[in-house]
Amino acid sequence: MESSTPPGTTSGAPVELVLIEFPRAEFKGEIVAELARLVDAGTVDVLDALLIRKSDDGTVQWLEATEGGDDELARIVGEPAGLLAADDVDAVAEELAPGSAVGMIVFEHTWARGLSRAVRGAGGQVLDWTRVPAEAIDALAEEIQKED
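Residues numbered from 1 in each chain as written. Predicted model: local features only at pLDDT ≥ 70, side-chain atom pairs only at ≥ 80, totals over all residues. Heavy atoms only, no water.

Details of the sheet that holds strand β1 (residues 15–22)
Phase 1 of the analysis: Read across the open sheet, the four strands follow the order β1-β4-β2-β3; overall the sheet is antiparallel. Looking along the sheet, the strands with just one partner apiece sit at the ends: β1 and β3 (60–64). Across the sheet, the axes of successive neighbouring strands diverge by a mean angle of 15°, strand direction being ignored. (Pairing = 2+ DSSP bridges. Helix = DSSP H or I, 4+ residues; strand = E, 2+ residues; numbered from the N terminus. Axes fitted to C-alpha atoms, helices over the stretch in contact; angles between N-to-C directions.)

Side note on a negative patch on the surface
Phase 1 of the analysis: Together, Asp 87, Asp 90, Glu 94 and Glu 95 give the surface a local cluster of negative charge.
Phase 2 of the analysis: Here Glu 95 lies in helix α3 (residues 86–95).
Phase 3 of the analysis: Owing to a relative accessible area of 66%, Glu 95 belongs among the exposed residues under this scheme. (Patch = residues over 30% accessible without salt bridge, like charges linked within 9 Å, V, L, I, M, F, W, Y side chains within 5 Å. Areas by Shrake-Rupley, 256 points an atom, 1.4 Å probe, with all protein chains shown as cover. Salt bridge = Lys/Arg side-chain N within 4 Å of Asp/Glu carboxyl O. Lys, Arg positive; Asp, Glu negative; His and termini not counted. Charge placed at Lys NZ, Arg CZ, Asp CG, Glu CD. Buried < 20%, exposed > 50% of the residue type's maximum accessible area, 1.4 Å probe, protein only.)

Considerations on α3
Phase 1 of the analysis: When α3 is considered as a whole, its buried residues turn out to be Val 89, Val 92 and Ala 93. Looking straight down α3, one finds that the buried residues subtend no more than 100° of arc, so they occupy a single side. Of the residues in α3, the exposed ones pointing more than 90 degrees away from the buried face are Asp 87, Glu 94 and Glu 95.
Phase 2 of the analysis: Against β1, β2 (45–54), β3 and β4 (100–108) lie the buried residues of α3. (Arc of directions from axis to C-beta. Contact = heavy atoms within 4.5 Å.)

Considerations on the nonpolar core
Phase 1 of the analysis: Residues Val 46, Leu 73, Ile 76 and Val 77 are the most contacted members of the largest nonpolar core, which totals 13 residues.
Phase 2 of the analysis: Where this core is concerned, the elements lending two or more residues are α1 (30–40), β2, α2 (71–77) and β4.
Phase 3 of the analysis: Looking at which element gives the most residues to this core, the answer is α1, with four residues.
Phase 4 of the analysis: Once you skip the residues sitting within four places of it in the chain, Val 77 turns out to touch Val 46, Leu 47, Asp 48, Ala 49 and Ala 65.
Phase 5 of the analysis: With eleven residues, the next largest nonpolar core counts Ile 52, Val 92, Leu 96 and Met 104 among its residues. (Core = buried A, V, L, I, M, F, W, Y, C linked by side-chain atoms within 4.5 Å.)

Looking at the side chain of Arg 113
Phase 1 of the analysis: Position of Arg 113 relative to the elements: it lies in helix α4 (residues 113–121).
Phase 2 of the analysis: One polar contact links Arg 113 to Asp 45, side chain to side chain, over a distance of 2.8 Å. (Polar contact = N/O pair within 3.5 Å; in protein donor to acceptor, adjacent residues only side chain to side chain.)

A word on the pattern of salt bridges
A side chain of one charge can pair with a side chain of the opposite charge if their charged atoms are brought near each other.
Phase 1 of the analysis: A full pass over the atoms with the stated rule returns seven salt bridges.
Phase 2 of the analysis: For Arg 131, the salt bridge is made with Glu 16, and the minimal N-O distance between the two is 3.3 Å. Remark: Glu 16 occurs in strand β1 and Arg 131 occurs in the loop between α4 and α5 (134–147); sequence separation between them is 115 residues.
Phase 3 of the analysis: With relative accessibility at 17%, the residue Glu 16 sits in the buried group.
Phase 4 of the analysis: One network of salt bridges, with partners in common, ties together Asp 40, Glu 72 and Arg 75.

Laid out in structure tokens, this is it:
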């Protein structure tokens, strides 16, 4: 799906950075396939993506999504927005265990574009957008179930 927003900009919809750790630096196609499904459905736009690997000897390598040889990942990222850079790699790599890897993905919640326009059209502004971890919701649901 083609985005109507120029690369490197957003439409006012929320943008998130997601870090995905791979303890054994093993990747499978399910993640790229699901990202492609979300992009093609218009749910998200992937603005940038990096892969960082730390070898057993501590050497750090990193690749832009378009450099890794995965044509589908390159397609869904398109021209990287330049939101992730060497400073980000250094910060993440410092915490990365030898022999592991991290995928960094910046995406825009394109499903929220209409909501953002409606809020602005009504003279409002979104003051905060907080992601609540699934584990917190699960724990709360468990507590509620215990009380019932």
